[in-house]
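# Structural overview
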Amino acid sequence: MGNSIPVRKLPNVRYECTSPNMSMSELEAKIGPESSVDLVKVAQALHWFDHDAFDNQVKWILKKPHGVFAAWCYTNLKIDDEFDHVFHKFYA
């Protein structure tokens, strides 16, 4: 649930910069209740996270069914065969 400091903030957006390792109780206290966030983004730091814990937190905090998780980096990600198959279609 991290965020770099934006150069220009968008209206009606709450920016939060958080630790990459938070408990579910910390997540709820610092960010909000279950299904309360429209967008979770991470750039260049995903490889540092505990993927299982982070995945559970993202699924818990994102609004159902239309919350968005966005991740990007300078090179193409390689996660696992199932993810890579879908992801790399966008770069073919």
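Now for a look at the structure at hand. (Residues numbered from 1 in each chain as written. Predicted model: local features only at pLDDT ≥ 70, side-chain atom pairs only at ≥ 80, totals over all residues. Heavy atoms only, no water.)

When helices and strands are counted, the protein shows 3 helices and 2 strands. Going from the N terminus to the C terminus, the protein shows its helices and strands as α-β-α-β-α. A total of 92 residues make up the protein; the buried ones form 23% of that total. Restricting to contacts in the protein with at least 6 residues of sequence separation, those with at least 24 account for 60%. Counting only carbon and sulfur atoms, one obtains 57% of the accessible surface of the protein, whose full area is about 7,100 Å². (Helix = DSSP H or I, 4+ residues; strand = E, 2+ residues; numbered from the N terminus. Buried < 20%, exposed > 50% of the residue type's maximum accessible area, 1.4 Å probe, protein only. Contact = heavy atoms within 4.5 Å. Areas by Shrake-Rupley, 256 points an atom, 1.4 Å probe, with all protein chains shown as cover.)

Another point: the pattern of salt bridges. Taken as a whole, this structure holds 3 salt bridges when the rule is applied. The salt bridge partner of Glu16 is Arg14, with a shortest N-O separation of 2.9 Å. Linking Asp38 and Lys63 is a salt bridge whose minimum nitrogen-to-oxygen distance equals 3.3 Å. Here Asp38, found in the loop between helix 1 (24-30) and strand 1 (39-43), pairs with Lys63, found in the loop between helix 2 (51-61) and strand 2 (68-72); they are 25 residues apart in sequence, far enough to count as distant. (Salt bridge = Lys/Arg side-chain N within 4 Å of Asp/Glu carboxyl O.)

Another aspect to go through is the packing of aromatic side chains. Here the structure, examined in full by the defined rule, presents 3 aromatic pairs. Summarising the aromatic geometry, the rings of Phe54 and Phe69 are spaced 5.7 Å apart at their centres and angled 65° between planes, so their arrangement reads as edge-to-face. Note that Phe54 is positioned in helix 2 and Phe69 in strand 2, a separation of 15 residues in sequence. By relative accessible area, Phe54 is classed as buried at 6%. By the ring-pair criterion, three or more aromatic residues cluster together here, those being Phe49, Phe54 and Phe69. (Phe/Tyr/Trp six-rings, centres within 6.5 Å; stacked < 30°, edge-to-face > 60°.)

Attention shifts here to the environment of Met24. Tracing the sequence through the fold places Met24 in helix 1. When the C-alpha atoms of Met24 and Phe54 are compared, they prove to be 9.9 Å apart, with 30 residues separating the residues in sequence. Leave out the neighbours within four places in its chain, and Met24 touches Gln57 and Trp60.

Below, the discussion takes up a nonpolar patch on the surface. On the surface, Val86, Phe90 and Tyr91 cluster together into a nonpolar patch covering about 380 Å² of accessible area. Residue position: Phe90 is located in the segment after helix 3 (81-87). (Patch = residues over 30% accessible without salt bridge, like charges linked within 9 Å, V, L, I, M, F, W, Y side chains within 5 Å.)

So, about unusual backbone geometry. Of note, the bond from Lys64 into Pro65 is cis; its omega dihedral lies within 30 degrees of zero at -5°. Of note in the backbone geometry, Ser35 takes a positive phi value of approximately 60° without being a glycine. Its location among the elements puts Ser35 in the loop between helix 1 and strand 1. What makes Ser35 partly exposed here is its relative accessible area of 29%.

This next bit is on the environment of Ser23. On the secondary structure map, Ser23 appears in the segment before helix 1. With relative accessibility at 31%, the residue Ser23 sits in the partly exposed group. As for Ser23 and Gln57, which are separated by 34 residues in sequence, their C-alpha atoms are 8.7 Å apart.

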